Amino acid sequence: MHTSQRRSAGLGLALASAFAFGGSGVAAKPLIEAGLDPLHVVWLRVTGAALVMLPVAWQHRNLVRERPALLAGFGLFAVAGVQAFYFASISRIPVGVALLVEYLAPALVLGWVRFVQRRPVTRAAAAGVVLAVGGLACVVEVWAGLSFDAVGLLLALGAACCQVGYFVLSDQGSQDATGGGSADAGPPHPVGVIAYGLLVGAAVLTVVARPWGMDWMALGGSAAMNGHQVPAWLLLGWIVLLATVLAYVTGVVSVRLLSPQVAGVVACLEAVIATVLAWVLLGEHLSMPQLVGGCIVLIGAFIAQSSAPRPPSGPVASGPGTPGLLPEGAAGAGASAAGEGRLSGRPAGP
C-alpha cells in the first residue's frame, strides 16, 4: 500500500474509532435512566466484548506468561476502573462534561512525572496543563458554584486517575518486565492486550457489580432517547460491538497505519463527537462558555501530551489522545496501540 493510501486509510479508521468511542456514553445513558445500575451496564459492555474477543485472547495466550502485570493493570485500570467511573459519572452529569473531565489525564500524568518521578517537563507541557485546568473551570462553570453534581465530577475525575494508573503501570512493566515476564520478550501485541484486558475487567466487574441481581427484564424493554423509545437490546449491541470491539480494533489499526502522534490528534475529536451526539440524541445542551472551555481543555490536553518528555519505554508521558487503549476514555481510551515497538495510547474510554 502506498504512503498516501496508508495515510488515508489510517485517518479513516482513526475517525471511525473516535466516533465509536464517542458514542458509548450516549448509548449507555438511556439504559441507566431506564433503571439499570451503571455498574451493570459496564459489566454488560465489558463481558459482551470479552466474549467477542475470546478467539483473539486464545491466539495471544502467550501474553499471560510474558506480561501478566500489564494485562492485570490494563484490565483493572483501563477497562474496569475507567469505564465504571465514567458510566457512574454520566448517570449524574452530561456525557460531554464527563468526557472532558477525563481529558485531565495528560495533566495528571505530567504531575506524576514531575513530582513523583522527579523528571523535568517542558514549559509547553506545563502550559498545556494550565490550559486544560482553566478550560475545565469553564466547563464546570466554577463561577456559578459548580453548576454540576459534585459527586458526578469526582467520579469523572476518578476515571482520569484510573487512566494515569494504567500509564504508570504499563511504563514500569515495559521497563523491567514486572510480574515475572521475560525482559527479552518482544513488545506485547495491542489487540492481545485489549482482549485480555477485557477478560480481566469482566472478572473484576463480576465480583463488584454482582450481575445476578440485575434487572434482566429491562433488556427486553425500551429506553427513552430524547423523547423516542429505542429497544434496550439495540443500545446494548451498540455499546458492545460498536463502542467497544470496533472502537478498539480500528484504533489499533489506525495507529499502525499512521503514528501514535497523528492518531492522537484525531482521537481528540472523541470528546467533540460525544458532546455533539449527546446534544442531538439526548438533548444535553452546553452553554457557550462550556463549549469554549471544552475546546481549551482539548487544546491543553493535546499540548501536554505532545510536549511531554518520552522515556525510551514510552507510555508514561502519553495521554488519552492515542486511540486503542483509553477515555471512554476509557477510554479508553482510554486507549491503545503499538507505536514503534512500544505499547502506547489511551485506555478504554467511555
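How each quantity is defined
Residues numbered from 1 in each chain as written. Predicted model: local features only at pLDDT ≥ 70, side-chain atom pairs only at ≥ 80, totals over all residues. Heavy atoms only, no water. Axes fitted to C-alpha atoms, helices over the stretch in contact; angles between N-to-C directions. Helix = DSSP H or I, 4+ residues; strand = E, 2+ residues; numbered from the N terminus. Parallel < 35°, antiparallel > 145°, perpendicular 65-115°, else oblique. Left-handed = near helix turned anticlockwise from the far one by under 90°. Contact = heavy atoms within 4.5 Å. Phe/Tyr/Trp six-rings, centres within 6.5 Å; stacked < 30°, edge-to-face > 60°. Buried < 20%, exposed > 50% of the residue type's maximum accessible area, 1.4 Å probe, protein only. Lys NZ or Arg CZ within 6 Å of the ring centre and 35° of its normal. Salt bridge = Lys/Arg side-chain N within 4 Å of Asp/Glu carboxyl O. Core = buried A, V, L, I, M, F, W, Y, C linked by side-chain atoms within 4.5 Å. Patch = residues over 30% accessible without salt bridge, like charges linked within 9 Å, V, L, I, M, F, W, Y side chains within 5 Å. Areas by Shrake-Rupley, 256 points an atom, 1.4 Å probe, with all protein chains shown as cover. Pairing = 2+ DSSP bridges. pLDDT = per-residue confidence, 0-100.

S.K.: Residue-level account of the packing of helix α2 (residues 24-33) against helix α12 (residues 232-257), with values.
M.R.: Here α2 crosses α12 at 150°, and the two axes come no closer than 9 Å. When the axis of α2 is compared with that of α12, the two are roughly antiparallel. In this structure, α2 crosses over α12, and the sense of that crossing is left-handed. Residue-level inspection shows S24, V26, A27, A28, P30 and L31 of α2 in contact with α12, the latter providing A232, L235, L236, W238, I239 and A243.

S.K.: Can you break down the packing of aromatic side chains residue by residue, with the values?
M.R.: Tallied over the full model, the rule gives three aromatic pairs. Seen from their ring centres, W43 and W216 are 6.1 Å apart, and the 90° between their planes marks the pair as edge-to-face. One end of the pair, W43, is in helix α3 (residues 38-52); the other, W216, is in the loop between α11 (190-209) and β1 (222-225), with 173 residues separating them in the sequence. For W43, a relative accessible area of 13% translates into the label buried. According to the relative accessible area criterion, W216 is partly exposed, its value standing at 44%. When the centroid spacing of 5.8 Å and the interplanar angle of 50° are considered together, the rings of Y86 and F87 count as tilted. Taken as a pair, Y86 and F87 share a single burial class, namely buried. Here the basic side chain of R61 rests over the ring of W58, its NZ or CZ set 4.2 Å away from the ring centre.

S.K.: So what's going on with the pattern of salt bridges? Residues and values would help.
M.R.: For the structure shown, the criterion picks out three salt bridges. Across the salt bridge formed by K29 and E284, the nearest N and O atoms sit 2.6 Å from each other. Here the residue K29 occupies a position in helix α2, and E284 occupies one in the loop between α14 (269-282) and α15 (288-307), the gap between them amounting to 255 residues. Judged on exposure class, the residue K29 and its partner E284 are both buried.

S.K.: Could you give an account of the nonpolar core, naming the residues involved and the relevant values?
M.R.: Core analysis: the largest hydrophobic core is formed by 86 residues, its most contacted members being V41, M53, Y86, I90, V97 and L198. Tallying contributions element by element places helix α6 (residues 68-90) first for this core, with eleven residues. In this structure, V97 is in contact with V139, F148, L153 and L286, ignoring residues within four places of it in sequence.

S.K.: Explain the packing of α2 against α6 residue by residue, including any values.
M.R.: Where α2 meets α6, the axes come as close as 9 Å, and the angle between the chain directions of the two elements is 60°. One element, α2, and the other, α6, form an angle in the oblique class. Once α2 is placed against α6, the crossing between them reads as right-handed. From α2, S24, G25, A28, K29 and I32 reach across to α6, where they touch Y86, F87 and I90.

S.K.: Please provide a residue-by-residue account of unusual backbone geometry, values included.
M.R.: Phi at R210 is positive, roughly 50°, even though this residue is not glycine. Here R210 shows up in the loop between α11 and β1. If you check the backbone angles, N226 has positive phi at about 55° while not being a glycine. Checked against the element boundaries, N226 lands in the loop between β1 and β2 (228-231). According to the relative accessible area criterion, N226 is partly exposed, its value standing at 42%.

S.K.: Summarise a nonpolar patch on the surface; cite the residues concerned and give the values.
M.R.: A grouping of L15, F19, L269, V272, V276, W279 and V280 is seen on the molecular surface, where their side chains present a nonpolar patch of about 590 Å² in accessible area. If you list the elements that add at least two residues to the nonpolar patch, you get α1 (3-22) and α14. Within the element layout of this structure, F19 appears in helix α1.

S.K.: For the pairing of β2, give the residues involved together with the corresponding values.
M.R.: Inspection of the sheet shows β1 paired to β2 by four bridges, in the antiparallel sense. When the bridges of β2 are listed, A223 appears paired with V230. In this structure, the hairpin formed by β1 and β2 is closed by a connection of two residues, where N226 is found at a positive phi of approximately 55°.

S.K.: So what about the environment of G197? Which residues, and what values?
M.R.: Locating G197 in the fold gives a position in helix α11. The spatial distance from the C-alpha of G197 to the C-alpha of A72 is 6.9 Å, given a sequence separation of 125 residues.

S.K.: Residues and numbers for the confidence of the model for the protein, please.
M.R.: Summing up the model confidence of the protein, the mean pLDDT is 78 and the portion of residues at 70 or higher is 77%. Under a pLDDT of 50 for its full length, residues 176-183 has, in the predicted model, 13 contacts with residues more than four places off or in other chains. Note that pLDDT drops below 50 for residues 309-348; the model gives that stretch 237 contacts with residues more than four away or on any other chain.

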